[in-house]
Amino acid sequence: MMRRVAILFHGRCAAVFLLGALAMGTTAQAQFSLAVSPPRFELSTKPGERVREVIELTHRDTPTGAYKLKTADWTFRPDASVDFSDELLPGSCRPWVAIERRELNITSGRPYRFRFEVTPPADAPPTECRFAVLIEGQQPTAAPGMPVALGARIGVIVYVAVGNVAPVLELVGSSVQTIDGRPTPMLKIRNTGTAHGRLAGFLAGTDAGGTALELQAGTTPILAGETRDIALMANKPGDTENTVAVRFPITIAGKLEWGKSGSLPINQRFAP
């Protein structure tokens, strides 16, 4: 029996992933690794115009890696997990997408530049085209006596702004929720625009003990027409690498940026 794990990346940096069949226990079968860059694209084009891009794939283990590639639609759950769909979802723009091939062998250490393109029809209305390019290893074989294996695939997310589309983000609420075992201030953000958006920037906070903190908004995307809770992660001023626990209540003020010129003033008090 085979279990598939889909790995979705919204970040901008190159990433290295371990793929293959991981049998129950500590033994790994047909194990290999793949570096993918970039793991996300945010493109723009006009109706009737083609946009092309390249995903750089670097196989880093066995002499040759065998991969399957395809496009997929995806939906974003409230818990930030993702469902991929081979079937076309309503409003899918995948018919506009072409990939160079569906099977690929990559020699270890030599990057392969995998090409794809998106061509919206000339009469396409302003819209945000969203899809994923899925990359997975060829079906691994579990070792004798190992009936359950774990397979993985990488979802490279692509956003294409077709025409004049943009996010419009607004604050509609706040709460305190437990994230990774810690009470965490959350902002409820609604996107009434026509494209996804993200919050960026730092806020100033003062906790129950009078300690000054900086709070950074999570970069989770808020899709057009959706409302999503966005975490505020607390740091000591000047130290963005290490988060700290918040002593509630905490008062937070400042301004977060979104889109090309949007801003969101924040002045909130959080208590668990």
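Note that the structure is predicted; figures quoted are calculated from it, not measured.

A. Quick peek at the nonpolar core. I55, L57, F116, F131 and V160 are the most contacted members of the largest nonpolar core, which has 27 residues in total. Looking at this core element by element, the count peaks at 5 residues for strand β12 (residues 149-162). Setting aside residues up to four positions removed in sequence, I55 forms contacts with V36, S37, P38, F41, Y112, R113, F114, F116, V133 and V156. With 21 residues, the next largest nonpolar core counts I222, I230, L256 and F270 among its residues.

B. Up close: the pairing of strand β19 (residues 262-270). In this sheet, β19 lies alongside strand β18 (residues 250-258) in antiparallel orientation, the contact comprising 9 bridges. Bridge pairing links L256 to L264 in β19. Between the end of β18 and the start of β19, which pair antiparallel, lie 3 residues, with G259 showing a positive phi angle near 65°.

C. Local environment of the environment of M233. Considering the arrangement of structural elements, one finds M233 in strand β17 (residues 227-235). Residue classification places M233 among the partly exposed residues on the basis of a relative accessible area of 30%. For the pair M233 and L213, spaced 20 residues apart in the sequence, the C-alpha separation amounts to 9.9 Å. Setting aside residues no more than four positions away along its own chain, M233 makes contact with T184, E214, L215, Q216 and T243.

D. Fine view of the state of the cysteines. All told, the structure shown has 1 disulfide when counted by the stated rule. Across the disulfide from C93 sits C129; the S-S distance is 1.9 Å. The sign of the 75° torsion about the S-S bond sets the C93-C129 disulfide as right-handed. Here C93, found in the loop between β7 (82-85) and β8 (97-99), pairs with C129, found in strand β11 (residues 127-137); they are 36 residues apart in sequence, far enough to count as distant. For C129, a relative accessible area of 1% gives the class buried.

E. Quick look at the pattern of salt bridges. Summed over all chains, the structure comprises 13 salt bridges. Between R115 and E100 there is a salt bridge; the shortest N-O distance is 3.3 Å. In this pair, R115 sits in strand β10 (residues 112-118) while E100 sits in the loop between β8 and β9 (103-107), placing the two residues 15 residues apart along the sequence. Judged by relative accessible area, which is 27%, E100 ranks as partly exposed. One salt bridge in this structure joins R130 and E128, with 3.3 Å as the shortest N-O distance. Judged by relative accessible area, which is 26%, R130 ranks as partly exposed.

F. The packing of aromatic side chains, seen in detail. Summed over all chains, the structure comprises 4 aromatic pairs. The interplanar angle of 90° and the centroid separation of 6.0 Å between the aromatic rings of W74 and Y159 together place this pair among those described as edge-to-face. Separated by 85 residues along the polypeptide, W74 in strand β6 (residues 64-76) and Y159 in strand β12 bring together distant segments of the chain. Ring geometry for F116 and F131: centres 6.2 Å apart, planes at 85°, overall edge-to-face. Residue F116 is located in strand β10, and its partner F131 is located in strand β11; the two are separated by 15 residues in the primary sequence. Looking at F131, the relative accessible area reads 0%, which means it is buried. Ring pairing ties together the aromatic residues F41, F116 and F131, which thus form one cluster. The ring of W74 has R130 sitting right over it, with the charged end atom 5.8 Å from the ring centre.

Cut-off values and rules
- Starting afresh in each chain, residues are numbered from 1 along the sequence in its written order.
- Only residues with pLDDT of 70 or above have their local features reported here, since the model is predicted, and side-chain atom pairs are shown and tallied only from 80 upward, although totals for entire chains, interfaces and linings are computed over all residues.
- Computation of side-chain values covers all heavy atoms of the structure but excludes hydrogens and water.
- We define a nonpolar core as any set of buried Ala, Val, Leu, Ile, Met, Phe, Trp, Tyr and Cys residues linked to one another through side-chain atoms lying within 4.5 Å.
- Relative accessibility decides the category of a residue: with a 1.4 Å probe and only protein chains considered, values under 20% of the type maximum give buried, values over 50% give exposed, and everything between is partly exposed.
- Counting from the N terminus, the helices are the DSSP runs of H or I reaching at least four residues and the strands are the DSSP runs of E reaching at least two.
- Contacts are residue-level and defined by heavy atoms, with any inter-residue pair within 4.5 Å sufficient.
- The criterion for strand pairing is that DSSP finds at least two bridges linking the strands in question.
- Note on terminology: disulfide denotes any pair of cysteine sulfur atoms within 2.5 Å.
- Salt bridge, as used here, is a side-chain nitrogen of Lys or Arg placed within 4 Å of a carboxyl oxygen of Asp or Glu.
- We call Phe, Tyr and Trp rings a pair once their centres come within 6.5 Å, taking the six-membered ring for Trp, and we label the pair stacked below 30 degrees between planes, edge-to-face above 60, and tilted otherwise.
- When the NZ atom of lysine or the CZ atom of arginine is within 6 Å of a ring's centre and also within 35 degrees of its normal, the charge is said to sit over that ring.

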